[in-house]
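# Architecture and fold: a report
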Amino acid sequence: MKNTNPKLRIAILGTGAVGGYFGGLLAGKYSGSDEAEIIFITRPATEKVIREKGLKIISDKEERIVFPDLVTSEPHKIGRLDLLICCIKSYDLEDSLKPLSGSISANTLILPLLNGVDAGERIKKLFPQNEVLEGCVYIVTRLIEPGVVKETGNTRSLFFGSTKGITENLKKIEAVFKDAGIDASLSGNIRQVVWEKFLFISTLASLTSYLDKPAGAIMADESYRNMLIRLLEELIAVAKAINIHFPENIIESRIATMEKLPYETTSSMHSDFQKGGRTEYLSLTKYVVDLGKKLNIQTPLYEKVLSGLILKTK
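Rules of the game
Residues numbered from 1 in each chain as written. Predicted model: local features only at pLDDT ≥ 70, side-chain atom pairs only at ≥ 80, totals over all residues. Heavy atoms only, no water. Buried < 20%, exposed > 50% of the residue type's maximum accessible area, 1.4 Å probe, protein only. Helix = DSSP H or I, 4+ residues; strand = E, 2+ residues; numbered from the N terminus. Pairing = 2+ DSSP bridges. Right-handed = clockwise from strand over helix to strand, strands pointing away. Axes fitted to C-alpha atoms, helices over the stretch in contact; angles between N-to-C directions. Contact = heavy atoms within 4.5 Å. Salt bridge = Lys/Arg side-chain N within 4 Å of Asp/Glu carboxyl O.

The subject of this paragraph is the pairing of strand S2 (residues 36-41). Along a regular strand, successive side chains alternate from one face of the sheet to the other. Most of S2 sits out of view: six of its six residues are buried. Of the pairings in the sheet, the one linking strand S1 (residues 8-13) to S2 comprises six bridges and is parallel in character. Looking at S2, one finds that Leu-8 is bridged to Ala-36. Taking the sense of rotation as the criterion, the β-α-β connection linking S1, helix H1 (residues 17-30) and S2 turns out right-handed.

Now the structure itself:
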């Protein structure tokens, strides 16, 4: 990320629950400043709302309305970028990135904040010359309507890093995030951090979608609870085969976390299945089955769940 202009140009691709929240904090801090220019890349309908009314972030404490320096759905209006933060659904990744090639130079850093662990390798296929970071977030937000994001709970963390190690560029980005009020952590072992998040989201999303039940119902039923434990065990075995090692008590800690969730808590993938729309099962469920086959690791329950999810898509 070589930038002779001191003003960083940061774009957020997707202003849904995650992109709207973190992009909103960045816009609230930097729009109109000499430090950074904040750009929202979004759909035409959302572009119109944000341009006219701003982006509203609702929390338990306050409501904020922010305006980015630029909001657009037209790639030719974006210009060169120093950092592109991808906050879209995994199934939209390639189709959303290809039109932005004119704004992505060899020096543009790309940070995906998507569900799953395959975003980096997929982006690398499109932009092999670029440094693609890894990242994940822990936050409870939802998009109430275009341009309106509601945030609840006490967790709103963003983790990011590079498998190449920590550089001055990454430290600069961390400072930009923190100054905007983002609880950002630059990790020296980001691959481990991302896989620990994946262990939680893949198993919960797969099972809530397969059973069509919220987290509370799964925790309350012994047979469903045992299914969750089996999924955790299978994913841990797959991860171990690629040298990702979790703490010995990881299953107990994940179960304990899920027990604390409100009864009706579910995954975004389950919600998408209920709405009859596109879902992220390829990245959250099929990816585990395919990687297991590649590594000769058995994942019988993941395969059963995957078969059930495929039937739901027809």
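What follows is about the sheet that holds strand S7 (residues 109-112). With parallel pairing, the five strands of this open sheet are ordered in space as S5-S2-S1-S6-S7. On the outer flanks of this sheet lie strand S5 (70-72) and S7, each paired with one strand and no other. Taking each pair of neighbouring strands and ignoring which way they run, the sheet shows an average axis angle of 20°. Pairing analysis gives four bridges linking strand S6 (residues 83-86) to S7, with the strands arranged parallel. In the strand pairing of S7, Cys-86 is matched with Pro-112. The strands that H1 touches are S1, S2 and S6; relative to S2, the one it contacts most, it runs at about 150°. Packed onto the sheet, helix H5 (residues 168-179) meets S1, S6 and S7 and runs at close to 55° relative to S7.

Moving on to unusual backbone geometry. Note: most residues except glycine have negative phi, and most peptide bonds are trans. Its identity is not glycine, yet Asp-212 carries a phi of approximately 60°, on the positive side. On the basis of relative accessible area, Asp-212 is assigned to the partly exposed category, the value being 43%.

What the rule picks out here adds up to 15 salt bridges. Here Glu-37 makes a salt bridge to Arg-9, at a shortest N to O gap of 3.1 Å. In this pair, Glu-37 is assigned in strand S2 and Arg-9 in strand S1, connecting sequence segments 28 residues apart. Owing to a relative accessible area of 11%, Arg-9 belongs among the buried residues under this scheme. Between Glu-151 and Arg-156 there is a salt bridge, with its nearest N and O atoms 2.6 Å apart. Since its relative accessible area comes to 29%, Arg-156 is described here as partly exposed. Each member of the salt-bridge network shares a partner with another, and the members are Arg-43, Asp-92 and Arg-278.

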